[in-house]
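Read off the chains here:
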Amino acid sequence: DYTKVQTAVLDPALEPARHNLMLFIKATFPTYVDEPFHRSVCSYIEKVVKLREDGTREIDRLMLFAPPQHGKSEIVSTRLPAFWLAHNPELPVALISYGGHLAYRNSRNARAVLDHPSYVALHTDRLKDPGNWRQEDWHLWGHKGYCVAAGVNGPLTGHGFGLAVIDDPTESWAKAQSDIERENQWSWYNGTFLSRMWEHGAVILMQTRWHEDDLPGRILAREGRVEEGGRWTVISYKALAEKGDILGRELGEPLCPSRFT
């Protein structure tokens, strides 16, 4: 009964989770273990999600590079779609991974966030549309926002989006070594993907890199990094800290000690 939900009283302790991504993650996933890496990733993503007073975003093209199995997909593919739609209910999300099966799994996990009691309490006017609740695309009730899932080289026909989340577009190290595989990704990006991207939309690309001529490598060669006058903000997290580490770690310190020493 949406009428009852919309008149529910919000627990004041939850209020900060409305605008802070890490607090939102912990509100909807109380056992999530966060470390400086995860909080850093969230801080950059918030600069994509939130509009400034002039209606622009501090970052609209963000690349985040990190080693595998460090909890990055839980942030960008599972929790981010709900957080984005809560703040941008009229701007659809495309959830993209290397294969359709993974994209659909991520989509199922992401839409489950909207059923969590903490999400419902925080965003009573950003609830799910039960009549449009498929794994490949699910919608908000009373808003234009939705989430569509697809694999790289998969179909996006009929869908446009205000945010694209590209999470691990390359399946493995072996796939990254294939000239044909990399060329297919590049053709998909320039054809299918860019043709569906809304003019003022945002892109978050997060992956482990295994080749200099991969998808982000080609994008950066053409569009450039912000510090060089280009378009993309690029943040790279090393598995073991090197000199000048972005998180201020000591040399050789692991990225997520609770996951990998």
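Just above, that's the structure.
### What to know about the packing of aromatic side chains
(1) Moving on: Under the counting rule described, the total for this entry stands at 9 aromatic pairs.
(2) Moving on: An angle of 80 degrees between the planes, with centres 4.9 Å apart, marks the rings of Phe37 and Tyr237 as edge-to-face. A residue pair is termed long-range when its members are at least 10 positions apart, and Phe37 in helix H3 (residues 36-49) and Tyr237 in the segment after strand S8 (233-236) qualify at 200 residues.
(3) Moving on: By relative accessible area, which is 3% here, Tyr237 ends up buried.
(4) Moving on: For the pair Trp133 and Trp138, a centre-to-centre distance of 5.4 Å together with 65 degrees between the ring planes defines the contact as edge-to-face.
(5) Moving on: A residue is classified by how much of its surface remains accessible, and Trp138, at 0% relative accessible area, is buried.
(6) Moving on: The structure contains a cluster of three or more aromatic residues connected by ring pairs, namely Phe161, Trp186, Trp188, Tyr189 and Phe193.
(7) Moving on: Just above the ring of Phe65 sits the side chain of Arg209; from NZ or CZ to the centre is 5.1 Å.

### Things to note about unusual backbone geometry
(1) Moving on: Although it is not a glycine, Gln69 sits at a positive phi angle of roughly 65 degrees.
(2) Moving on: If you trace the backbone, Gln69 turns up in the loop between strand S1 (61-65) and helix H4 (72-87).
(3) Moving on: When its relative accessible area of 64% is taken as the criterion, Gln69 is described as exposed.
(4) Moving on: Non-glycine residue Asp168 carries a positive phi angle of around 55 degrees.
(5) Moving on: Take Asp168: it is sitting in the loop between strand S6 (161-167) and helix H7 (173-176).

### Here we look at the packing of helix H2 (residues 21-28) against H4
The description of two helices packed together rests on the angle between their axes and the distance between the axes.
(1) Moving on: In contact at an axis separation of 10 Å, H2 and H4 are set at 100 degrees when each is read in the N-to-C sense. The pairing of H2 with H4 is recorded here as roughly perpendicular in orientation. The segment H2 lies against H4, with Leu21, Phe24, Ile25 and Thr28 engaging Ile75, Arg79, Ala82 and Phe83.
(2) Moving on: Partitioning the contact of H2 with H4 into residue classes produces 6 nonpolar, 1 polar and 1 charged.

### Remarks on the environment of Gln207
(1) Moving on: Position of Gln207 relative to the elements: it lies in strand S7 (residues 197-207).
(2) Moving on: Between the alpha carbons of Gln207 and Met63 there is a distance of 8.2 Å; along the sequence they are 144 residues apart.
(3) Moving on: The residues contacting Gln207, other than those within four sequence positions of it, are Leu64, Phe65, Ala66, Lys72, Asp168, Pro169, Asp214 and Pro216.
(4) Moving on: Reaching out from Gln207, the side chain makes a polar contact with the side chain of Asp214 at a distance of 3.4 Å.

### What about the pattern of salt bridges?
(1) Moving on: Overall, the coordinates contain 19 salt bridges when judged by the stated rule.
(2) Moving on: Close ionic contact of Arg39 with Asp34 constitutes a salt bridge, the shortest N to O distance being 2.8 Å.
(3) Moving on: In this structure Asp34 comes out as buried when scored by relative accessible area, which is 17%.
(4) Moving on: With a closest N to O distance of 3.9 Å, Glu35 and Arg259 form a salt bridge. Linking Glu35 in the loop between H2 and H3 with Arg259 in the segment after S8, this pair joins segments that are 224 residues apart in sequence.
(5) Moving on: The exposure class of Glu35 is buried, given its relative accessible area of 10%.
(6) Moving on: For Arg259, a relative accessible area of 29% corresponds to the partly exposed category.
(7) Moving on: Each of Asp179, Arg182, Glu183, Asp213 and Arg218 takes part in a single network of salt bridges with overlapping partners.

### Some details on the sheet that holds S7
(1) Moving on: Across the sheet, which stays open at both edges, the 8 strands sit in the order S3-S4-S5-S2-S6-S7-S1-S8 with mixed pairing between neighbours. Here the strands that pair on one side only, and so sit at the sheet edges, are strand S3 (128-133) and S8. Taking the axes of each pair of neighbouring strands and ignoring which way they run, one obtains an average angle of 20 degrees across the sheet.
(2) Moving on: Alignment of S1 against S8, held across 4 bridges, turns out to be parallel. Counterpart to Leu62 in the pairing with S8 is Thr233.
(3) Moving on: Relative to the sheet, H4 contacts strand S2 (93-97), strand S4 (137-140), strand S5 (146-151), S6 and S7, its axis offset from that of S6 by approximately 170 degrees.
(4) Moving on: Where helix H8 (residues 179-196) meets the sheet, it contacts S2, S5, S6 and S7, and its direction lies at approximately 130 degrees from that of S7.

Conventions adopted
Residues numbered from 1 in each chain as written. Predicted model: local features only at pLDDT ≥ 70, side-chain atom pairs only at ≥ 80, totals over all residues. Heavy atoms only, no water. Phe/Tyr/Trp six-rings, centres within 6.5 Å; stacked < 30°, edge-to-face > 60°. Helix = DSSP H or I, 4+ residues; strand = E, 2+ residues; numbered from the N terminus. Buried < 20%, exposed > 50% of the residue type's maximum accessible area, 1.4 Å probe, protein only. Lys NZ or Arg CZ within 6 Å of the ring centre and 35° of its normal. Axes fitted to C-alpha atoms, helices over the stretch in contact; angles between N-to-C directions. Parallel < 35°, antiparallel > 145°, perpendicular 65-115°, else oblique. Contact = heavy atoms within 4.5 Å. Nonpolar A, V, L, I, M, F, W, Y, C, P; charged D, E, K, R; others polar. Polar contact = N/O pair within 3.5 Å; in protein donor to acceptor, adjacent residues only side chain to side chain. Salt bridge = Lys/Arg side-chain N within 4 Å of Asp/Glu carboxyl O. Pairing = 2+ DSSP bridges.

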